[in-house]
Structure formats: structure tokens, C-alpha cells
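# Examination of the molecular architecture
As a plain string of letters, each chain reads:
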2 protein chains.
Amino acid sequence: MARKAGIIGGGVIGGGWAARFLLNGWDVAVFDPDPEAPRKVGEVIANAKRALPALSDGPMPPEGKLTFAATITEAVEGADYIQESVSERLDLKHRVFAQIQQVAPDTPIGSSTSGFKPSELQENAANPATIFVAHPFNPVYLLPLAEIVPSAKSDPALIEGAKETLREIGMFPLHIRKEIDAHIADRFLEAVWREALWLVKDGIATTEEIDEAIRMGFGLRWGQMGLFETYRIAGGEAGMKHFMAQFGPCLTWPWTKLMDVPEFNDELVDLIAGQSDAQSGHHSIRELERIRDQNLIGFLRVLKERNWGAGKVLLDHDARRRQAMPDPSPDHAQPMEMARMHVLPGWIDYNGHMTESRYLFAASETSDAFLRYIGADIAYVGTGFSYYTAETHIMHLGEAKLGDALTGTVQVIHADEKRLHIFLRILKNGEAVATLEQILLHVDMKAGKTCAAPAEILDRLLPIADAHKALPRPEAAGRFVGQKK
Amino acid sequence: MARKAGIIGGGVIGGGWAARFLLNGWDVAVFDPDPEAPRKVGEVIANAKRALPALSDGPMPPEGKLTFAATITEAVEGADYIQESVSERLDLKHRVFAQIQQVAPDTPIGSSTSGFKPSELQENAANPATIFVAHPFNPVYLLPLAEIVPSAKSDPALIEGAKETLREIGMFPLHIRKEIDAHIADRFLEAVWREALWLVKDGIATTEEIDEAIRMGFGLRWGQMGLFETYRIAGGEAGMKHFMAQFGPCLTWPWTKLMDVPEFNDELVDLIAGQSDAQSGHHSIRELERIRDQNLIGFLRVLKERNWGAGKVLLDHDARRRQAMPDPSPDHAQPMEMARMHVLPGWIDYNGHMTESRYLFAASETSDAFLRYIGADIAYVGTGFSYYTAETHIMHLGEAKLGDALTGTVQVIHADEKRLHIFLRILKNGEAVATLEQILLHVDMKAGKTCAAPAEILDRLLPIADAHKALPRPEAAGRFVGQKK
């Protein structure tokens, strides 16, 4: 049975949490007194549906059920996890926690607060042990970070359970051991924000110039390594101590204005809002959201390919999900379903269709899975042998578009010691959008020539080839380019 | 004739400048009294050669000539641009400028200084007008940002010329109108650095936890949008003023410790260096550099695909380079060379070979260029007509590896009003690594069926088809999968 998340507060952050739980198969009940909340949450979820599945290399689990609750009680009753994302007012948060704990005194309650310490959140609570900080970053459905901050009154086992819940929905819970105002990440954001306000106020730079100074330089670095690892490299062979010795003296130089705080007044707000309009006003907020999300998907997939940083979190999440799903045991008596894919943003051309080369990519995903299935997996390739594709014939029969779910099937036409002749179908809703006929050769990679596959592979492959002899030969097999139908 | 850059100081930054100029076709003379400088600069250039070409979609220009000069005079004589990257000591920089201006009083001198103001650099100079800040970010050969800071004494025309030079080598010169200590970007870095030192010193977080807090969250955001554009989105439909109203009050809250500065002593250095070893010590600095570079290439290519931020700089640079090169005027009397590519990091599989689907990708690059050449370009597709691939036959004949230069040629086998039958060769050093035979159909996309191509396309296409009738028919044409050779 699907578990239930109670989401209190349906703004951009609450909506992001709702989307993450929902798309990971949890039922979600949202409470927000704003009559516009269903629309706003709906828009965040629509964004998330365009984005989150693009990070996954396996099929998404069946989506959970979304409801909007009339009361906090209704939202949290029977919930396995509760997330609070109401406005940053401590008295309001206290009232919300009190209502929650009347019906759900033992359920973990994460707070999205940017600034309050968990001990402040817990004040006067019926059960302080279940309340902790779980601070996410916008867009919540894409960025993995959640700062988890317990206090001395927190229940350690409950905190571990909450971290496990967040990992299940693909997040990276960063356990912060000592509570301070604004936790860790927002201290940096606040320092940069204050410095930026000074620069604009003093007329040194506009909002646009500041943004360029960030995203053309160190911003790119920080998406994949943080501050210290980056500086470790800058220290070169001499390392971190050398770097610190070089820049230590700057600490006493006037390199920041943060010994003081800019006065926050209408003039400053107008100055910044006006510059921001000039910089970004030609895009609507919705457009900017989509641009941001597609950029972030791109970055995250780059890191995933390299099993690094946030990409490692995605790979771990895929592996965790695969483990929770039944093993594929394809039916040998028909073309074997070996791969399931979604058409990702990087797969489409300017027409909005899947690009030509991605059909061959989908076929490779399918044939690779088949090769793994008969024992020619990465470990086998590591021994110096592999199947190489010698020849392929592709028929384009239909069109796949962004987000389409595709499956790939394999029919063995002929197999012997050295040769593997297969016919692949890339299907959308059970109809082939492309078929591919291929000859693969078993190769001794060191010698650079074909050789017989070993018994352990042939013992798996040949019975499939035998079973497939009973299948009708595909019409397109043996066809040459331009042949009349 | 190649232009000459004089590079004074051969550390990580000076080496990065040398690499950028060199790979963009400039001759480079480096001066650094350190006898190890040629080795150190050589290592940076080796890194750059593995990385910078992967950002370009056209052929790189012929590499310039690298020399190590025995004196500053030798390095800067006849130089068109001079970049100073010596240690951050003002007296040393003044001595360097004095020596430079004895032989090159009118040449632009950019300084890589992180902190000094241009007016400080210009003090006592023979010609203050040519000295300015050109502050780059490590790795200089990948990150586009260079902060250009002139003073009141600077020559505006010289500054514009220097910015143009930096654009030519693929950088993004950010012109900073008012000089302050540490310019713009390093003010943020310094604020974050000071806050981070506090967090480590106070035992709130380790260097690793801080790095995760950055790269799992806001670091990913900042690689593509800066501070203000990100917050504009966070403000939602209510926009920037709403965001500021929400977080304005925090300015007076204890969200940063930057009203004070941590004491810089051995204890702090040891604490941080020790934590950094525990976090990253299992990778050598060289490994970390390569990991960082591959991640950055990935991010930059994502942004390039989307024509956004730093990716727009790359596209503009490609266009600028294309303009500087002669137009492709392929010879109709033989298979026409339509595309040149390098095998990029994302194109290779776990064997280190180009993945199967990338051969079809290389072919698409080639056939797309051919279609553009006959007039079926993006603008034409915008009118609702296009060529769709119906069928492809691929022969794999060789292997391409990371960094290999490939060319793609087109031979027209047959063309009529609706059909285009072509034979593509993907060549490495003139030898085909793959051949592809394709049928493309001219399609009315709205009606979803084939139709005759218009005269303006046929007028370009049919003469080529006629000329190609004289070419020998490729052996692989008309071949079916598994046919005996």
C-alpha cells in the first residue's frame, strides 16, 4: 500500500515536496487555507512531471494519489511523514505543530524553515522529539539537498528514519550536527545576498552584472565541487595549506563589506526590482522556471553519467528503486522485452521529435540489456571479450516525442558461436516506431578479431535462439535500403 | 600571421592563459624565473588540450607556437597582448609593469590580480593607461569569465580592444565600471570563505559537509542563473519585490557571522587541511583536475545546447570562428565533405570507444549539413516541410576514440522530387570507420505525408545528383544485413 505524506503549506516549496512524494509513489494530502493553493500546487507538480522523470533511467513507480485536505487534521491523519512549509513566522509554525500533534503525536515532522533552529521549533510542543528541520532547496523536485537538523530533544531513531524516507524520494539528507540560525547553506546565501545588496546599493554593479559574475565563473565550479575541494585544486601540488597561506592575509583586507549591513528600505527594493526587470523581465516566471529546470536536468545528468556529486545520488536512487522492483524475467517464447525508457529532453530535435540517432541509442539500450541477460555484461567485457555490432538496418515507422514511454524487444533470428543476428523493435504503446536488424560478432578485443563465445554464454543464448525459430520472421529482416515493400 | 601573447608568471593561472591563447591560434611567450615553470605550464596545457576542444563544434584553429622567454623583455617584445599573473604583491607587480613598459609601452597589460584595484596597479607606471585588471577564474581554459576593471586613467579604446581580444579566445569579459577591492566575484567568494572558516572553526560543519551543502543545492543553480534571477523565480508570480519583502527582515537576524573575522592561525589551517585530506585525499590533485574539467565540459555543453549563459558564449565563439574561416564550398565532383567533428567525452562507452548510436549521430550531423546546403534548413522546416529519414543501413568498419577528428561525406545515389537516396561515409584520417546508406523522404509535416520538394531545393539538389552519377557506386549500397561480402 502507498504511504502517505502530509504536506502543510502549498507554496512553491510545499508544492515541490508534494511533487517529489507523489512522483515517487506516495499518496499526498496537502493543507493550505489559500483557495488558490490547488492551482499553485498543480503548477509546481506540472513542472515536476516535465522534469523529474528525465533524471531516472528506470520506469517511474505508479504515481500516488493527490488530495487537498480541508483541515490540518485531515492532511496528517494516518500520515507516515509530515512536512511543514508555512511562512517564516515562529508563532504560526508553533500553532501548526500543536494541531498536527493532536492527531499525529509520533509522526516525523520536517520543517522547511530557512532560519529557525529546531530547538526554537520544538518550544512548547506536545512532543518535541518528532520535530526537526528538513530544509530543501528550490526547485525541491530537482535539487537533492535537504539539510536535516535535529536538536538535543530529537529522537535519533526517528531522525534516521526521516533521512531514509528522504533518500527514498531521491534526496540527499545532509545531517547537521549542531543547530545554528540559518543552518549551513543559507548562511552562505545570506552572506552573498548582503554583499550583493551592497554592490547594487553602492552602484558598483547591476543585478545582471552580478549574476554574470556568478554563472560565468565560480557558479559553474560549485555545481560539481564545493568551496574546499575547488580550493584544494587551486593550491595545486602544494595542497590546501599552500592555498590557505596564499589567501590567509586577505582576511584582514577590505574584501567584503560584511562588517556592516545595508539599510533595507523602499529605495533599495525599487533599485533591485527595477534592475531585475531590466535583466529578466522579457521572460515570464514560468519560462524562467522551465529554462532553469532544463538546465538543471542537463547538469544533473552530466553528473550522473560521471557518478559524481548529485549524480551519484541519482544513480543510488535508481539502484534502490531497481531493487524494490521485481527482476525482469522476459518470456522466451516471444520477442523479449529488455528495456523501458522515456524520451528525455536531450533526445529531441528542433521539431520536437526524437532525433534519428536516439532510435539507435534506444536499440543499444535494448541489445545491451539482452547481452547482459546472456552473460556478456561489463564484468565479461573486463575479461577482454565483447560483442561488437557489425551491421545495422533501421526502418523508421513512427514518431516518438518528449516524455513518450518506449519499450525495446529482442527477437533472435540466428545465433552461432561467433555471430548473433537479432531483430529489435522500439515500441510506443505496443506499436513499433522503429525496427532494427543487427549482426553482432563475438570479438577477442586484444587480438582484434572474432572468436567463439564461451559455453556459459552460448548455454544461455542458444536455447533462446531455438525458441525464437518458432516466431514468424520479421518482414523487414533481410531487406536492403530502398527495396520495394 | 599569428599574433603574440606575452604571459608573465607561469603558475596555474598563467598556464591557463597560455593554454587559452595557444589553442586559439596565438603564439605565446611565457616568462617565469621558476626553473619548474615549463613543466608546470606544460601540465596545464596538457589538461587544456584534453578539455577545451571538447567545447567547440568546429575544427580548432592551428595551434600557436609556445616559447619560454629568458627575460620579461623577450616575452613581451612584439606582443599584441600581455597578461600578468605573478604573486599578489603590489611591489612585485609594479616592478614587472616597469620592465614591460620599457619595451612595450603601448601594449595592453591585463593583470590577473584577485584583489588590487587598477589605480593601485597603475601607480608610478610609465604609461598607466595600458594597465587594467583582467581577472580570470580557474580553470582559465574552461571558465569564460574575465572581470575587466579599468580606472579613470585607462584608455577606453584600449580597454575595448582588450575585451575584443578576450572574446576572440572564447572568454566573457565582464566590464566593471567602478573599481573596488577584489572586484565583484571575489567579494562573494571571500564572504563565503570567511563564513566557511567560522563554520569549521566553531565545529558546526566539516569541509566535506560544507561542500555537500553547496554542490547538492544552490551550487547547481548558480552554474546557469545567478543570485538575482534565481530569487526572481523564488518570488513566484509576485516577483522580485515579494521575494525581497519576504527575506528583507533576515538582514537584521544573526544569519551570518560576518560582523567579525575568524583569527587566522596554525590551528585553523591544520583543522581545515586535515578535514580536506579526509574528504578528498584519496584523489590526487591531477585526478581532481580531470574530474572537475570533465564535469565542467558537461555543464558547458548542456548550456551550449540550450544557448544559455556560458553556453551562449560558446555558441557565439563558434560563430565568430566560422566567420573567420573560409566558407565550405564542397566539391560536387566527389563525395562532399559536409561535417567535421571531434569525438567528445559523452560519445564514448565503457570500452573507451565511440558508442554505436554516435555513428548515426555523426551521420545526422553530416546529412543535416547537406540538407542545409540544398536549402532545407531550419527556416525551411519552419514552413512545415522537411526531409524525414525512412531507412538506414550502417556498416561498422573501424573504431573511433575520444578526441579523434572525424569528417562526414555525402554521395547522392539517387534523387527525385520526393526521394533522396544518399551514401554517407564517416572518416577518420581518410579511412571510413562507418558507412551509412539512407533513404530520406520529403514530407509535408502537417498533412503527415510525402510530397514533392519545391523548385528552389530541387534546383540545388538535382545537379549534385547528376554529378554524382559519375562516381562509382559504393559496394555497401543495396546491401542487406548479413549478406556475404
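Parameters and conventions
- Going along each chain's sequence as written, the residues are numbered from 1 onward.
- Chains and ligands are labelled by the order in which they are written, letters from A for the one and numbers from 1 for the other.
- The predicted origin of the model limits local features to residues at a pLDDT of at least 70 and limits the giving and counting of side-chain atom pairs to 80 or more, whereas totals for whole chains, interfaces and linings rest on all residues.
- For the side-chain quantities, the full set of heavy atoms in the structure was used; hydrogens and water were omitted.
- Helix and strand assignments follow DSSP, with helices taken as H or I runs no shorter than four residues and strands as E runs no shorter than two, numbered in order from the N terminus.
- Three labels apply to residues, based on accessible area from a 1.4 Å probe with only protein chains included: buried if under 20% of the type maximum, exposed if over 50%, partly exposed otherwise in between.
- Accessibility throughout is a Shrake-Rupley quantity obtained with a 1.4 Å probe, and a residue counts as covered only by protein chains that appear here.
- As used throughout, the charge tally considers Lys and Arg to be positive and Asp and Glu to be negative, leaving His and the chain termini uncounted.
- Working definition for charges: the position is that of NZ of Lys, CZ of Arg, CG of Asp or CD of Glu.
- The superposition of copies rests on a least-squares fit of C-alpha positions from residues with pLDDT of 70 or more in both.
- We call two residues contacting when some pair of their heavy atoms lies within 4.5 Å.
- Once two parts are put together, the accessible area they lose, assessed with a 1.4 Å probe and summed over both, is termed the buried area.
- For this analysis, a salt bridge means a side-chain nitrogen from Lys or Arg found within 4 Å of a carboxyl oxygen belonging to Asp or Glu.
- Strand pairing follows a simple DSSP-based rule, namely that at least 2 bridges must link the two strands.
- Axis angles are defined between N-to-C directions and span 0 to 180 degrees, where every axis is a line fitted to C-alpha atoms and, for a helix, only to the segment in contact.
- The labels follow the angle: roughly parallel below 35 degrees, roughly antiparallel above 145, roughly perpendicular from 65 to 115, and oblique for the rest.
- Two helices cross in a left-handed way if the nearer one is turned anticlockwise from the farther one by less than a right angle. They cross in a right-handed way if the turn is clockwise.
- In this count, Pro and Cys sit with the nonpolar residues alongside Ala, Val, Leu, Ile, Met, Phe, Trp and Tyr, while Asp, Glu, Lys and Arg are called charged and the others, Gly among them, polar.

In this section: the overall build of chain A. The secondary structure content of chain A amounts to 16 helices and 14 strands. Each principal axis of the C-alpha distribution contributes one length, and for chain A these read about 80 × 55 × 45 Å. Split into buried and exposed, the 485 residues of chain A put 59% on the buried side. Put simply, chain A shows about 19,000 Å² of open surface, and 52% of that area lies on carbon and sulfur atoms. The averaged location of the 65 negative side-chain charges in chain A is 4 Å from the averaged location of its 51 positive side-chain charges.

What follows deals with the relation of the copies chain B and chain A. Expressed as a screw operation, the relation of chain B to chain A combines 0.2 Å of axial shift with a rotation of 180°, fitting to an RMSD of 0.2 Å. What the superposition gives is, in effect, a two-fold axis relating one chain to the other. Comparing interface residues between copies, 99% of those in chain B also lie at the interface in chain A; the contact surface is shared.

A few words on the interface of chain B and chain A. On the side of chain A, 152 residues touch chain B, which itself brings 152 residues to the contact. Interface area, chain B with chain A, both sides summed: about 14,800 Å², of which 67% is carbon and sulfur. Counting across the interface, chain B meets chain A through 8 salt bridges. The salt bridge partner of E391 of chain B is R479 of chain A, with a shortest N-O separation of 2.8 Å. Of the pairings in the sheet, the one linking strand β10 (residues 385–396) of chain A to strand β10 (residues 385–396) of chain B comprises 5 bridges and is antiparallel in character. The partner of M395 of chain A across the bridge, within β10 of chain B, is E391 of chain B.

Next up on the list: the packing of helix α2 (residues 37–51) of chain B against helix α12 (residues 285–305) of chain B. Axes are the key here: two packed helices are described by the angle between their axes and the distance separating the axes. All names here are of chain B. At a closest axis distance of 10 Å, the pairing of α2 and α12 adopts a crossing angle of 30°. Considering their axes alone, α2 and α12 lie roughly parallel with respect to each other. By crossing handedness, the relation of α2 to α12 is classed as right-handed. Only R286, E289, R290, D293, Q294 and I297 of α12 make contact with α2, whose side of the interface consists of E43, N47, R50 and A51. The residue makeup of the contact of α2 with α12, split by class, is 2 nonpolar, 2 polar and 6 charged.

That is the geometry; function is a separate question.
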